[in-house]
Amino acid sequence: MRAVAVVIPAHDEEELIGRCLASVTRALARAREREPDLRTTAVVVLDACADGTAEQARRWPVETLEIAARSVGTA
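What comes next concerns the included structure. Please read these numbers as outputs of a predicted model, since none were measured by experiment.

1. Focus on the sheet that holds strand E1 (residues 3-10)
Thinking step 1. Strand order in the open sheet formed by 3 strands is E1-E2-E3, and the pairing between neighbours is parallel. Because the sheet does not close on itself, it has two edges, and the strands there are E1 and strand E3 (63-67). Neighbour to neighbour, the strand axes of the sheet diverge by 20 degrees on average, direction disregarded.
Thinking step 2. Strand direction decides the pairing type here: E1 and strand E2 (residues 39-47), joined by 8 bridges, are parallel. The residue bridging Val4 from the neighbouring strand is Thr40, located in E2.
Thinking step 3. Contacts from helix H1 (residues 17-34) reach E1 and E2 within the one sheet, and its direction differs from that of E1 by about 175 degrees.

Following this line, the structure appears as C-alpha cells:
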C-alpha cells in the first residue's frame, strides 16, 4: 500500500465532526508510523452546511471541500 485517502461527507455535523476527525487523524498517524513512506490524506466534503461544521473541520489537519449537493452519495 502506498497511499490512503479518507473522504468524510458532512452535512451539519458540528456536534460530531471533532470526534470523527480525532479518530481519523489518529488512525492515519499510526499508519504512517508503521509505514513511513505511506502518503495519507483526509478530506471533509462539507455539503451545504449551515452550522459550524466547516469551522470545526478547519481546525484539523485535513482538507476541506465545499459543495451544495445535499446528498451523501455525491459528497
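2. A few points about the pattern of salt bridges
Thinking step 1. One pass over the structure, following the stated rule, counts 1 salt bridge.
Thinking step 2. Glu66 is the salt-bridge partner of Arg58, the closest N and O atoms lying 2.4 Å from each other.
Thinking step 3. Judged by relative accessible area, which is 54%, Glu66 ranks as exposed.

3. Some remarks on the environment of Ile17
Thinking step 1. Relative to the helices and strands, Ile17 resides in helix H1.
Thinking step 2. Classification of Ile17 as buried rests on a relative accessible area of 3%.
Thinking step 3. Excluding residues within four positions of it along the chain, Ile17 makes contact with Ile8, Ala10, Val44, Thr53 and Gln56.

4. Here's the deal with the state of the cysteines
Thinking step 1. Considering all chains together, one arrives at 0 disulfides under this definition.
Thinking step 2. Among the cysteines around Cys20, which has no disulfide bond, Cys49 carries the closest sulfur, lying 12 Å off.
Thinking step 3. Residue classification places Cys20 among the partly exposed residues on the basis of a relative accessible area of 28%.

5. Looking at the nonpolar core
Thinking step 1. Within the largest apolar cluster, 12 residues are counted, these being Ile8, Ala10, Ile17, Leu21, Val24, Leu28, Ala42, Val44, Leu46, Ala54, Ala57 and Val62.
Thinking step 2. Mapped by element, the contributors of at least two residues to this core are E1, H1, E2 and helix H2 (53-57).
Thinking step 3. When residues of this core are assigned to their parent elements, the largest contribution, 4 residues, is made by H1.

Calculation criteria
- Residues numbered from 1 in each chain as written.
- Predicted model: local features only at pLDDT ≥ 70, side-chain atom pairs only at ≥ 80, totals over all residues.
- Heavy atoms only, no water.
- Pairing = 2+ DSSP bridges.
- Helix = DSSP H or I, 4+ residues; strand = E, 2+ residues; numbered from the N terminus.
- Axes fitted to C-alpha atoms, helices over the stretch in contact; angles between N-to-C directions.
- Contact = heavy atoms within 4.5 Å.
- Salt bridge = Lys/Arg side-chain N within 4 Å of Asp/Glu carboxyl O.
- Buried < 20%, exposed > 50% of the residue type's maximum accessible area, 1.4 Å probe, protein only.
- Disulfide = S-S within 2.5 Å.
- Core = buried A, V, L, I, M, F, W, Y, C linked by side-chain atoms within 4.5 Å.

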